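# Overview (structure and organization)
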Amino acid sequence: MQDAIKACLDCHSMCLRMAMGYCLERGGRHAEQKHLRLMLNCAELCQTSANFMLSDSPLHGRVCLICAEACEACGKSCEQVGDMRECVEECQNCAKSCRTMT
């Protein structure tokens, strides 16, 4: 569970930092509403999943499943936008870790 918590916290940090810094500064496709919304939703779900696991909630598996779906969607969006390899990798890692918790 500790690995999944770390993956969620790392992904939360990456998505929030990239969305509010890199993507907004880059503009264009990086700053499109749909892409930024996905990144911010992913960051929020990653933090929530980490919190559910940290509190040993019996619902953590269900929250992690939704988090994995959000991470997969965010990773695909980052890949399509381009030049966001680190974010894609964090999202993929988190999705994989969260799926092990379901």
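Residues numbered from 1 in each chain as written. Predicted model: local features only at pLDDT ≥ 70, side-chain atom pairs only at ≥ 80, totals over all residues. Heavy atoms only, no water.

## Topic: the side chain of His60
Threshold: Numbering goes from the N terminus for both helices and strands, where a helix is a DSSP run of H or I of at least four residues and a strand is a run of E of at least two. The classification of residues rests on relative accessible area computed with a 1.4 Å probe and restricted to protein chains. Under 20% of the type maximum is buried, over 50% is exposed, and intermediate values are partly exposed. Should any heavy atoms of two residues lie within 4.5 Å, those residues are considered in contact.
Here His60 shows up in helix α3 (residues 60–81). Residue His60 is classed as buried on the basis of its relative accessible area of 16%. Residues within four places of His60 in sequence aside, it is in contact with Met1, Phe52, Met53 and Met101.

## A closer look at the pattern of salt bridges
Applicable threshold: Criterion for a salt bridge: a side-chain nitrogen of Lys or Arg within 4 Å of a carboxyl oxygen of Asp or Glu.
What the rule picks out here adds up to five salt bridges. Of the charged contacts in the structure, one is a salt bridge between Lys6 and Asp10, with a shortest N-O distance of 2.7 Å. Of this pair, Lys6 and Asp10 are both found in helix α1 (residues 2–26), four residues apart, which corresponds to roughly one turn of the helix. Two residues, Arg99 and Glu72, come together in a salt bridge whose shortest N-O distance is 2.9 Å. Residue Arg99 is found in helix α4 (residues 85–100), and its partner Glu72 is found in helix α3; the two are separated by 27 residues along the sequence.

## Details of a nonpolar patch on the surface
Going by this rule: Patch rule: a residue counts if its relative accessible area is over 30% and it has no salt bridge; like charges are joined within 9 Å, and nonpolar side chains (Val, Leu, Ile, Met, Phe, Trp, Tyr) within 5 Å. Accessible surface area values rest on a Shrake-Rupley calculation with a 1.4 Å probe, where residue burial reflects the displayed protein chains alone.
On the surface, Leu16, Met20, Leu24 and Leu40 cluster together into a nonpolar patch covering about 340 Å² of accessible area. Considering each element in turn, the nonpolar patch owes the most residues, three residues, to α1. With relative accessibility at 42%, the residue Leu24 sits in the partly exposed group.

## Points about the environment of Ile5
Following the sequence through the fold, Ile5 ends up in helix α1. Look at Ile5 and you get buried, because its relative accessible area is 5%. When the C-alpha atoms of Ile5 and Leu54 are compared, they prove to be 7.4 Å apart, with 49 residues separating the residues in sequence. Setting aside residues up to four positions removed in sequence, Ile5 forms contacts with Ala50, Met53 and Leu54.

In short, shape yes, function no, at least from these values alone.
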